[in-house]
Amino acid sequence: MSRRVEFFLHNLDESDISSVGEVLRSVFLTTGSRVKEFESGFAGYLDIEDAVAVTSCTGALHLALLRYGIGQGDEVITTPMTFVATATAIMETGATPIFVDVCPKSGLLTPESVAKHISKKTRAILPVHLYGRMVDIKGFSALADKHDLILIEDAAHCIEGIRDGIRPGQLSHAACFSFYATKNITCGEGGAIATRFSEDAAWYRSARHHGISKNAASRYSNKYEHWDMEMMGWKYNMDDIHAALLIGQLAKIDGLRRKREELERLYRELLSDVEGLDFIESPGPDEVSGHHLFTVLVPEDFDRDDVLSRLQEAGIGCAVNYRAVHTLSFIKQRFGFKPEDFPVAERIGRRTITLPLYPKLTEEKVHLVCDTLKEIFSR
Ligand SMILES: *Cc1c(COP(=O)(O)O)cnc(C)c1O
């Protein structure tokens, strides 16, 4: 069945595609000049010292935690209302994720609730800028300073955000981004770490590439030079093929964000009178949100999965972001969680549906989605 409304369409255009063609027609495919160009553009956009491109946000989070020596025996506080990778990146280091329930209005972690769960074993706080809206980053930074903790941002939803004048990465130890297929800018699979500290950036460049002293680009010269392995490393380097796709999108990123913001405003307006339908609160007037996803919470007397099926039967693509991480089988069994351990996240996860939101979506289609939803909820 062809969908009447796709869940997501990317914004790659012919010029992005021909940039990839240029790389493919050249001799050099892996981490080189395109990656460098993207990294400096990305750091410039974020107004931060440096950015290091990697193969995923999950890898970015893993490296950021490793950089600060987090591992076995350590606790990292995070949110259960996120994609599972936020938690698994912590687990990959050997550390234990400690979930703290989210604010019912925003779905975000707050410094006040996190403060109550800091223990002797806590080493880091890993908040998520959910759906594009930044957490209270000033508050988290003050909390981290007070307790001498590492602050790492999961900014997979939020390249464009500004809160209290602060962008992702500017107050923390690292901000980690995703360029996965449905993210605000994409290269299929990719990620980046933004940092204020040039020594950290150098460490990430080595750690993403086996911990060896020379990358392929610096070995690509007339005179062979031996490389050495100087530290433990991983295999997370982005290549020029992927970076070529991102450079052009970065130039358009604010215009794309504004379109999503306008579409979200239209959704909220059209759905405002549906009885029992709830929304995650809008960002404050002085905030810039990445407007990555728009979600609704179905009325309590409806079954979310029924609503999801009915939308899909009507040809409307939708998704669930997210069923709370502590309710997923592996995590639940591993840590012995019960659904009611984090009741706010559990409730959002049980009621939430993500509606289509992307710059190519027309207002007409937003009307179609809203009319369909209203029909489903008419009683
Ligand atoms: C997409 C996403 C990730 C993982 O990103 P990858 O690039 O696929 O590794 C992590 N956290 C959140 C909140 C995400 O949405």
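Just so it is clear, the model here is predicted, and its values are computed rather than measured.

Asker: Whenever I open this one, the overall build of the protein confuses me. Can you help?
Answerer: Within the protein one finds 13 helices and 10 strands. Relative to a compact globule of 379 residues, whose C-alpha radius of gyration would be 21 Å, the protein shows 21 Å and is just as compact. By principal-axis analysis of the C-alpha atoms, the protein measures approximately 75 × 55 × 40 Å. Taken over 379 residues, the protein has a buried fraction of 55%.

Asker: Where do I start with the sheet that holds strand β8 (residues 278-279) in this structure?
Answerer: Paired through their backbone hydrogen bonds, the strands of a sheet run either parallel or antiparallel. Taken in spatial order, the three strands make up an open sheet running β8-β9-β10, and their pairing is antiparallel. The sheet is open, and its two edges are formed by β8 and β10 (352-355), each paired on a single side. Pairing analysis gives four bridges linking strand β9 (residues 294-297) to β10, with the strands arranged antiparallel. By the bridge assignment, phenylalanine 294 is partnered in β10 with leucine 355.

Asker: Looking at this structure, how should I read helix α7 (residues 198-207)?
Answerer: Think of an α-helix as 3.6 residues a turn; residues three or four steps apart then line up on the same face. Of the positions making up α7, those classed as buried are Asp200, Ala201, Trp203, Tyr204, Ser206 and Ala207. The secondary structure elements touched by the buried residues of α7 are β1 (50-54), α3 (57-67), β6 (174-178) and β7 (191-195).

Asker: Explain the sheet that holds strand β3 (residues 96-99) here, please?
Answerer: Spatially, the seven strands line up as an open sheet ordered β1-β7-β6-β5-β4-β2-β3, and their pairing is mixed. Each edge of the sheet is formed by a strand with only one pairing partner; in this case those strands are β1 and β3. Pairwise comparison of adjacent strand axes, ignoring direction, gives a mean angle of 25° for this sheet. The sheet contact formed by strand β2 (residues 75-78) and β3 spans four bridges and is parallel. By the bridge assignment, glutamate 75 is partnered in β3 with threonine 96. Taken strand by strand, α3 contacts β1, β2, β4 (122-126), β5 (150-154), β6 and β7, and its axis lies near 165° from that of β6. Helix-sheet contacts for α7 involve β1, β6 and β7, and the interaxial angle to β1 is about 15°.

Asker: Looking at this model, I keep getting lost on the site of the ligand. Mind explaining?
Answerer: Taken together, the neighbourhood of the ligand is formed by 16 residues, with Thr58, Asp154, His157, Ser178 and Lys183 sitting nearest. Here an oxygen atom of the ligand and a side-chain polar atom of serine 178 are 2.7 Å apart. In this structure, an oxygen atom belonging to the ligand sits 3.0 Å away from a side-chain N or O atom of tyrosine 322. Taken together, the elements giving at least two residues each to the shell around the ligand come down to α3 and α4 (85-92).

Conventions used here
- Residues numbered from 1 in each chain as written.
- Predicted model: local features only at pLDDT ≥ 70, side-chain atom pairs only at ≥ 80, totals over all residues.
- Heavy atoms only, no water.
- Helix = DSSP H or I, 4+ residues; strand = E, 2+ residues; numbered from the N terminus.
- Rg over C-alpha atoms; globule rule 2.2 N^0.38 Å.
- Buried < 20%, exposed > 50% of the residue type's maximum accessible area, 1.4 Å probe, protein only.
- Pairing = 2+ DSSP bridges.
- Contact = heavy atoms within 4.5 Å.
- Axes fitted to C-alpha atoms, helices over the stretch in contact; angles between N-to-C directions.
- Near = heavy atom within 4 Å.
- Polar contact = N/O pair within 3.5 Å; in protein donor to acceptor, adjacent residues only side chain to side chain.

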